Each structure stands twice: as structure tokens, then as C-alpha cells.
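For reference, the chains in residue letters:
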Amino acid sequence: MERLCAACRVLIVDDNVDAADLVAELMAFQGYEVAVAHGGEEVVKTAQTFEHQLIFLDLGIRAWTDIKSPRRCARQSGSRRRESSR
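Residues numbered from 1 in each chain as written. Predicted model: local features only at pLDDT ≥ 70, side-chain atom pairs only at ≥ 80, totals over all residues. Heavy atoms only, no water.

**Observations regarding the packing of aromatic side chains**
In plain terms, the rule: Any Phe, Tyr or Trp ring, taking Trp's six-membered ring, that has another such ring centre within 6.5 Å forms a pair; planes under 30 degrees apart are called stacked, those over 60 apart edge-to-face, and the others tilted. Note on criteria: charge over ring means Lys NZ or Arg CZ within 6 Å of the ring centre, with the direction from the centre no more than 35 degrees off the ring normal.
Counted according to the given criterion, the structure contains zero aromatic pairs. Residue placement shows R9 over the ring face of F50; its charged tip is 4.1 Å from the ring centre.

Set out below in C-alpha cells:
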């Protein structure tokens, strides 16, 4: 498996705990640093504290009635990139 980036930090978001854990184990085995969140505010809090470069995001999470949480995650990630590039 070819690496996506040299020292990637990957946030895995899925309300299916088994699926999220399996993906996390596979990514960690490949040398990625991984954090897992299972929905809602947990995702937003994890995105704020875990400085990720990639997000594997299940858009069908039942706890989300709209797209606000994924957008908040993207904004958190984007604001860190802008701050670090100054």
C-alpha cells in the first residue's frame, strides 16, 4: 500500500465502532498516526485537539441531522493550516 503522505495524522469518523476501529488498526499498521471519533460533538472536539491532515468521514452518521459537524471539522483543520503558514 502506497502512503498518502510522509507523516500523516488521520482522523477516522464513523458511528460504526467496529468499522472505525478496523480502519484505524489498518492505518496504524501502515505507520499513520490515528484518532477515532464516532459522531457528533466527539468529532468536533477530536478535530480541535488532534491536528490531522486527513479525515476519513462517514457522511451517513445517524447522529448528524445536517452537515454542520463535518463542516466544523473542516474549518478547524483549515484554520490551523492558515495559522501555521503565516
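Having put the structure on the table, let's press on.
**So, helix α2 (residues 40-49)**
Defined as follows: In this scheme, a residue with accessible area under 20% of its type's maximum is buried, one over 50% is exposed, and one in between is partly exposed, where area comes from a 1.4 Å probe on protein chains only. Here a strand is any run of E in DSSP of at least two residues, a helix any run of H or I of at least four, and the numbering for each starts at the N terminus. The directions considered for the arc are those from the helix axis to the C-beta atoms.
G40, V43, V44, T46 and A47 are the residues of α2 that are buried. All buried residues of α2 fall inside an arc of 165 degrees around its axis, so they share one side. Away from its buried face by more than 90 degrees, α2 exposes K45 and T49.

**Here we look at the nonpolar core**
Quick note on the threshold: By nonpolar core is meant a set of buried Ala, Val, Leu, Ile, Met, Phe, Trp, Tyr and Cys residues that side-chain atoms within 4.5 Å join together.
Of all hydrophobic cores here, the largest spans eight residues; its members are L11, V13, A35, A37, V43, A47, F50 and I61. Sorting the residues of this core by element identifies β1 (9-13), β2 (33-37) and α2 as the ones contributing at least two each. In terms of nonpolar packing, the next biggest core, distinct from the first, is built from seven residues, I12, A20, A24 and Y32 among them.

**Section: the sheet that holds strand β3 (residues 54-57)**
Condition: Here a strand pair is declared whenever DSSP counts at least two bridges between the two strands. Here an axis means a line fitted to C-alpha atoms, over the contact stretch when the element is a helix, while the angle between two N-to-C directions is reported on a 0 to 180 degree scale.
The three strands are arranged β2-β1-β3 in an open sheet whose pairing can be described as parallel. What marks the edges here is a single partner per strand, and that holds for β2 and β3. Neighbour-to-neighbour, the strand axes of this sheet turn through a mean angle of 20 degrees, independent of strand direction. Inspection of the sheet shows β1 paired to β3 by four bridges, in the parallel sense. For L11, the partnering residue across the bridge sits in β3 and is I55.

**Notes on the environment of V10**
Its location among the elements puts V10 in strand β1. In sequence terms V10 and A28 are 18 residues apart; their C-alpha atoms lie 9.3 Å from each other.

**Quick word on a nonpolar patch on the surface**
Keep this limit in mind: A patch is a set of surface residues, each over 30% in relative accessible area and not in a salt bridge, joined within 9 Å for like charges and within 5 Å for the nonpolar side chains Val, Leu, Ile, Met, Phe, Trp and Tyr. To be clear on the numbers: accessible area is Shrake-Rupley with a 1.4 Å probe, and residue cover counts the displayed protein chains and nothing else. Note on definitions: salt bridges are taken to be side-chain nitrogens of Lys or Arg within 4 Å of carboxyl oxygens of Asp or Glu.
On the surface, a cluster of nonpolar side chains totalling about 240 Å² of accessible area is made up of I55, L57 and L59. Looking at the secondary structure, you find L57 in strand β3. A relative accessible area of 31% means that L57 is categorised as partly exposed.

**Topic: helix α1 (residues 17-29)**
Along an α-helix, residues three or four positions apart point the same way, because every turn accommodates 3.6 residues. As a reminder, the rule being used: A helix is expected to reach a length of 1.5 Å times the quantity of its residues less one. Contacts are assigned to residue pairs that have any heavy atoms within 4.5 Å of one another. Within 3.5 Å is the distance limit for a polar contact, defined as a pair of N or O atoms, with the added protein rule that one can donate a hydrogen and the other accept it, and that residues adjacent in sequence qualify only through two side-chain atoms.
Over its 13 residues, α1 runs 18 Å from end to end, which matches the ideal 18 Å to within 8%, given 1.5 Å per residue. Among all positions of α1, only A20, A24 and M27 are buried. Buried residues in α1, looked at end-on, bunch into an arc of 65 degrees, giving them a common side. Turned more than 90 degrees away from the buried face of α1, the exposed residues are D18, E25, L26 and F29. Against the buried residues of α1 lie β1, β2 and β3. The backbone nitrogen of D18 has a side-chain oxygen 3.2 Å away, supplied by the residue at the start of α1, namely N16. G31 occupies a position one or two residues after α1 and carries a positive phi of about 100 degrees.

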